[in-house]
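# Observations on the three-dimensional arrangement
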Amino acid sequence: MGLGVGVQFALASTLPGQDTPSATRPREGDLLVKTSDTTATPLTPADIRIAGRQTMAWAMDPAEGTIRSGSRLNRILLVHLDPGNLTPETKSRAAEGVVAYSAICTHAGCEVTEWMADQHRLFCPCHESTFDPADGARVIDGPATRVLPALALGLARGKLVVLKEFTAPITFETQ
């Protein structure tokens with residue numbers, strides 16, 4: 001019997017491979033590094049362009065140096081916005097205007113890879129869901145019905161650091 005439309009798909013932390021440090025979800029105290037950075041240099045707020053295209057990142061265990069890139073569900077998108085434009089809840093999770101969300105769309109699990117510069121919105125090109133990063137990644141348009149899970153950020157010696165795990169499990173609907 002097949003799964004019906006609207007059934008949610010979630011990957012639990014106990015799936016095969018999740019016990020490896022590189023596949024573990026971002027944890028409190030992890031630093032953030034660009035996905036394309038082979039030097040694994042921890043990011044600062046200044047490294048994320050204000051109101052520019054999102055930066056894709058991985059969490060990194062600062063003690064072991066393990067980059068949590070063993071699961072695509074760990075991909076994080078960072079956006080640097082004017083702190084004055086953030087809702088109070090979003091501002092409470094931001095570090096100097098930098099907000100962090102799961103890069104996995106809550107609709108069908110595609111990656112949210114586009115930035116709508118004129119509207120300061122995140123866009124998933126698979127099915128055209130649009131999210132407002134200044135308001136907790138609230139769904140503005142599209143088939144997605146849930147916000148993107150967020151990570152609370154802080155600063156440690158000027159570097160972006162994860163303060164809490166994602167606000168919700170990384171889940172999406174199956175078709």
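Preceding this section is the structure that the text describes.
Below: a short report on this structure. The residue numbering used here restarts from 1 in each chain and proceeds along that chain's sequence as written. Confidence filtering applies because this is a predicted model: local features only for residues at pLDDT of at least 70, side-chain atom pairs given and counted only at 80 or more, and all residues used for totals across whole chains, interfaces and linings. Each side-chain value is derived from all of the structure's non-hydrogen atoms; neither hydrogens nor water enter the calculation.

Right, let's get into the overall build of the protein chain. Regarding its fold elements, the protein chain presents 1 helix and 13 strands. Think of it this way: any DSSP run of H or I at least four residues long counts as a helix, any run of E at least two long counts as a strand, and we number them from the N terminus. In the protein chain, the order of α-helices and β-strands from amino to carboxyl end is β-β-β-β-α-β-β-β-β-β-β-β-β-β. When contacts within the protein chain are restricted to residue pairs at least 6 apart in sequence, those whose partners lie at least 24 apart make up 57%. On the protein chain, roughly 8600 Å² of surface is accessible, and the fraction owed to carbon and sulfur atoms is 52%. Throughout, a contact is declared for two residues whenever any of their heavy atoms are within 4.5 Å. For accessible areas, the Shrake-Rupley method is used with a probe of radius 1.4 Å. Any residue's cover is judged against the shown protein chains and nothing else.

So, about the pairing of strand S12 (residues 159-162). Two strands pair when backbone bridges link them, and strand S11 (residues 153-156) and S12 are joined in this way by 4 bridges, in the antiparallel orientation. Bridge pairing in S12 places Ala-156 opposite Lys-159. If you look at the hairpin formed by S11 and S12, you'll find 2 residues sitting between the two strands, and Arg-157 has a positive phi there, around 55°. DSSP calls a pair of strands paired once it identifies at least 2 bridges connecting them.

As a further point, take the sheet that holds strand S7 (residues 121-124). Strand order in this open sheet of 4 strands is S6-S7-S8-S9, and the pairing throughout is antiparallel. Bordering the open sheet on either side are strand S6 (114-116) and strand S9 (138-141), each of which pairs with just one other strand. When the angles between neighbouring strand axes are averaged without regard to direction, this sheet yields 35°. Here 3 bridges tie S7 to strand S8 (residues 129-132), and the two strands are oriented antiparallel to one another. In the strand pairing of S8, Leu-122 is matched with Phe-131. In this analysis an axis means a line fitted to C-alpha atoms, helices contributing only their contacting stretch, and an angle means the value between N-to-C directions, from 0 to 180 degrees.

Attention shifts here to the environment of Leu-122. Locating Leu-122 in the fold gives a position in strand S7. For the pair Leu-122 and Leu-77, spaced 45 residues apart in sequence, the C-alpha to C-alpha distance is 9.6 Å.

Moving on to the state of the cysteines. Cysteine sulfurs are considered disulfide-paired once they come within 2.5 Å of each other. In total, this model carries 1 disulfide according to the counting rule given. There is a disulfide in this structure between Cys-110 and Cys-126, and the S-S distance comes to 2.4 Å. Taking the sign of the S-S torsion, -110° for the link of Cys-110 and Cys-126, the bridge is left-handed. Linking Cys-110 in the loop between strand S5 (98-102) and S6 with Cys-126 in the loop between S7 and S8, this pair joins segments that are 16 residues apart in sequence. On the basis of relative accessibility, which here comes to 17%, the residue Cys-110 falls in the buried class. Buried, partly exposed and exposed residues are distinguished by accessible area as a fraction of the type maximum, computed with a 1.4 Å probe on protein chains only: under 20%, between the cut-offs, and over 50%, respectively. Exposure remark for Cys-126: the relative accessible area of 41% places this residue in the partly exposed category. You can see Cys-105 has no disulfide; the closest cysteine sulfur is in Cys-124, sitting 4.0 Å from it. With relative accessibility at 2%, the residue Cys-105 sits in the buried group.

Take the side chain of Arg-68 next. Along the chain, Arg-68 falls in the loop between strand S3 (55-60) and strand S4 (76-80). Reaching out from Arg-68, the side chain makes a polar contact with the side chain of Asp-30 at a distance of 2.6 Å. When sequence neighbours within four positions are dropped, the list of residues in contact with Arg-68 reads Pro-21, Ser-22, Thr-24, Arg-25, Pro-26, Arg-27, Asp-30, Trp-58, Ala-59, Asp-61 and Asn-74. N or O atoms within 3.5 Å of each other form a polar contact, as long as, within protein, one can give a hydrogen and the other can take it, and as long as residues adjacent in sequence are counted only when both atoms are side-chain atoms.

As a further point, take unusual backbone geometry. With a phi close to 55°, Ala-40 is a non-glycine residue in the positive phi region. As for its position among the elements, Ala-40 is in the loop between strand S2 (31-34) and S3. Even without a glycine there, the phi angle at His-120 is positive, about 55°. Relative to the helices and strands, His-120 resides in the loop between S6 and S7.

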